[in-house]
Amino acid sequence: MKALQIKKYGEIKDGLEFTETSKPEIADNDVLVAVKAAALNPIDYKLVQGHLKDMLKLDLPTGIGYDMSGEIVEIGSKVKDFKVGDEVFGRVPQEYMGTVAEFVAVDANVIAHKPDNVTFEKASSLPLAGLTAMQALKKADIKKDDRILIHAGSGGVGSFAIQYAKSIGAIVYTTTSDTNVEWVKALGADRVIDYKNEDYKEVANNLDIVFDTLGDDYTFDAFEIIKDGGKVTSIVGPPDEKTAKQMGMTDYQMPEKLSKLIKKKSAQYTLTWMQPNAPQLKEIKTLVEDRTIRPVIDLVYSFDKAVDAFEYLATGRAQGKVIVSLAETFENK
Ligand SMILES: NC(=O)c1ccc[n+]([C@@H]2O[C@H](COP(=O)([O-])OP(=O)(O)OC[C@H]3O[C@@H](n4cnc5c(N)ncnc54)[C@H](OP(=O)(O)O)[C@@H]3O)[C@@H](O)[C@H]2O)c1
């Protein structure tokens, strides 16, 4: 089969290469999926660039890509909930990484049937970004009428998070730049802050929750704009101690600056490191089928242009999700 692989760490165009390789073998609990579409995520190019080398040891060459939607072509002997021909979507676990390929094997316990009302391209856009947003907002125990700031509302995670937070009845502030303001507003955000022309801290403060998708100073500055007892739920900041343990980081100590801010504001701070989760994927399927959440696609690239797709995502300017389609013909949006 044809697959895109990480050959070596470095620049995206040097690190990635198409290869002819054998189809993955499936174990008893696995299914083999003929991939129709694979969504890209920043973690993919960060892996190629070697930024996550210390955290995630890769045995190169290896496949790339976590998100997929496609059709089951083979099932393991213990698989009960799926059959050959089923259309599925999911975020494959680390050991199955390699969705930018004609076929991918995956544990059937972490995937779900794809939403009936969307294309494979749109379905593939949902798992990693959707599960991340859902898990981070669930960790913050988001409730009706909570005032939340979602950073980078035009990104893959942010565009899902806005719609999910609105479905719960929260009051949503979000940041993006001028060209994205109108379409991000149309996702349901109550107040879109154009971060190049407005100071988000002046517009959004005394908040119940900040969803930190940007990291660095944004993580620390979130404590200035939450109310006392508020919550900062991050997907890019330093780990909290519990998450550090789950990530296998022994002897971890939270940065002192962060500990002090948490104490000063009597705040809750958590880092979410998303995990595949079939029940939550089913929840996403329902939210999409009842049109509470719509997938937001920026560009769809053909399989042979997958390297260009990664380079585009790595500019950090994507407006929603970037997809690689393996179909011969596909809708761009
Ligand atoms: N912990 C986890 O499990 C997990 C899971 C998923 C993602 N992540 C991480 O979360 C981050 C976001 O992921 P993503 O998929 O949403 O990324 P993405 O789709 O690449 O985000 C791109 C968007 O970010 C916006 N943006 C960039 N700088 C901004 C700023 N200063 N203020 C407001 N918006 C800004 C851009 O809008 P403009 O062009 O208007 O600036 C663009 O639309 C990444 O670092 C990713 O690695 C972590």
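See the structure shown above.
Residues numbered from 1 in each chain as written. Predicted model: local features only at pLDDT ≥ 70, side-chain atom pairs only at ≥ 80, totals over all residues. Heavy atoms only, no water.

(A) Here's a closer look at unusual backbone geometry. Omega for the bond connecting L60 with P61 falls within 30 degrees of zero, at -5°, which places this linkage in the cis form. Phi angles above zero are rare outside glycine, and D145 is one such case at about 70°. By the element assignment, D145 lies in the loop between α4 (127–139) and β9 (147–150). A positive phi is found at S266, a non-glycine position, where the angle reads about 45°. For S266, the position within the fold is in the loop between α10 (256–264) and β14 (268–271). Under the relative-accessibility criterion, S266 is labelled exposed at 55%. (Helix = DSSP H or I, 4+ residues; strand = E, 2+ residues; numbered from the N terminus. Buried < 20%, exposed > 50% of the residue type's maximum accessible area, 1.4 Å probe, protein only.)

(B) Here's a closer look at the pairing of strand β7 (residues 103–107). In terms of burial, β7 is largely enclosed, as 5 of its 5 residues are buried. As paired strands, strand β3 (residues 30–39) and β7 are joined by 5 bridges and run antiparallel to one another. Bridge pairing in β7 links D30 to D107. (Pairing = 2+ DSSP bridges.)

(C) Highlighting a negative patch on the surface. Together, E11, D14, D308 and E311 give the surface a local cluster of negative charge. Along the chain, E11 turns up in the loop between β1 (2–6) and α1 (12–15). Take E11: its relative accessible area is 53%, and that puts it in the exposed class. (Patch = residues over 30% accessible without salt bridge, like charges linked within 9 Å, V, L, I, M, F, W, Y side chains within 5 Å. Areas by Shrake-Rupley, 256 points an atom, 1.4 Å probe, with all protein chains shown as cover. Salt bridge = Lys/Arg side-chain N within 4 Å of Asp/Glu carboxyl O. Lys, Arg positive; Asp, Glu negative; His and termini not counted. Charge placed at Lys NZ, Arg CZ, Asp CG, Glu CD.)

(D) Main features of the side chain of T176. With respect to the secondary-structure elements, T176 resides in strand β10 (residues 171–176). A polar atom in the side chain of T176 sits 2.7 Å from the side chain of S154. For T176, the residues in contact, after removing those within four places along its chain, are S154, V181, V184, V192, I193, D194 and Y195. (Polar contact = N/O pair within 3.5 Å; in protein donor to acceptor, adjacent residues only side chain to side chain. Contact = heavy atoms within 4.5 Å.)

(E) Looking closely at empty space enclosed by the protein. One pass over the structure, following the stated rule, counts 1 cavity of 30 Å³ or more. Its boundaries defined by the atoms lining it, the largest cavity holds a volume of some 60 Å³. Residue lining of the largest cavity: S125, L126, A129, G156, S159, F160, Q163, R294, P295, V296 and K321, and that is the complete set. Of the residues that constitute the lining of the largest cavity, the class distribution is 5 nonpolar, 4 polar and 2 charged. Taken domain by domain, the makeup of the lining of the largest cavity includes at least three residues from each of domain 1 (2–126 + 295–325) and domain 2 (131–271). (1 Å grid on protein atoms, 1.4 Å probe; cavity = no way out; pocket = protein on both sides within 12 Å on 5 of 7 lines; lining within 4 Å. Points joined across faces, edges and corners; volume = space filled by probe spheres on them. Nonpolar A, V, L, I, M, F, W, Y, C, P; charged D, E, K, R; others polar. Domains from an automatic or database assignment.)

(F) Broad picture of the site of the ligand. Surveying the vicinity of the ligand reveals 26 residues, the closest of which are K46, S177, Y195, R317 and A318. Burial of the ligand by the protein chains amounts to 88% of its free accessible area of 930 Å². Taken together, the residues of the shell around the ligand break down into 13 nonpolar, 11 polar and 2 charged. Mapping the shell around the ligand onto the domain boundaries places at least three of its residues in each of domain 1 (2–126 + 295–325) and domain 2 (131–271). (Near = heavy atom within 4 Å.)

(G) Spotlight on the nonpolar core. Counting 88 residues, the largest nonpolar core has L16, L47, M68, V100, I148 and F211 as the members making the most contacts within it. Among the elements that line this core, the one with the most residues is α4, at 7 residues. Apart from residues lying up to four places away in sequence, L47 is in contact with I6, Y9, L52, L56, L58, Y66 and M97. Of all hydrophobic cores here, the second largest spans 21 residues; its members include L207, M254, L258 and I262. (Core = buried A, V, L, I, M, F, W, Y, C linked by side-chain atoms within 4.5 Å.)

(H) Representation of the packing of α4 against helix α11 (residues 278–289) in the model. Direction vectors running N to C along α4 and α11 enclose 105°, while the axes themselves pass 10 Å from each other. The angle between α4 and α11 places the two elements in the roughly perpendicular class. Residue-level contacts link P127, G130, L131, M134, Q135 and K138 of α4 to Q280, L281, E283, I284 and L287 of α11. Across the contact of α4 with α11, the residue classes break down as 6 nonpolar, 3 polar and 2 charged. (Axes fitted to C-alpha atoms, helices over the stretch in contact; angles between N-to-C directions. Parallel < 35°, antiparallel > 145°, perpendicular 65-115°, else oblique.)

(I) Molecular detail of the sheet that holds strand β13 (residues 226–234). The 6 strands are arranged β11-β10-β9-β12-β13-β14 in an open sheet whose pairing can be described as parallel. Only two strands of the sheet have a single partner each, and these edge strands are β11 (191–194) and β14. With strand direction ignored, the average angle separating the axes of adjacent strands in the sheet is 15°. Relative to β13, strand β12 (residues 207–212) is paired through 5 bridges, and the arrangement is parallel. Paired with V210 across the strands is V232, a residue of β13. The strands touched by helix α8 (residues 217–225) within the sheet are β9, β12, β13 and β14, with β13 carrying the most contacts at an inclination of about 155°.

(J) Quick look at the pairing of β10. Counting buried positions along β10 yields 5 of 6 residues, so the element is predominantly enclosed. Looking at chain direction, β9 and β10 are connected through 4 bridges and run parallel. Note that in β10 the partner of I150 across the bridge is T174. Read from β9 through helix α5 (residues 156–168) to β10, the crossover connection turns out right-handed. When β10 meets β11, the two strands line up parallel, connected through 4 bridges. Across the sheet, the residue bridging to Y173 is R191, located in β11. As a crossover connection, the stretch from β10 through helix α6 (residues 181–186) into β11 is right-handed. (Right-handed = clockwise from strand over helix to strand, strands pointing away.)

Distances and angles like these do not, on their own, reveal function.
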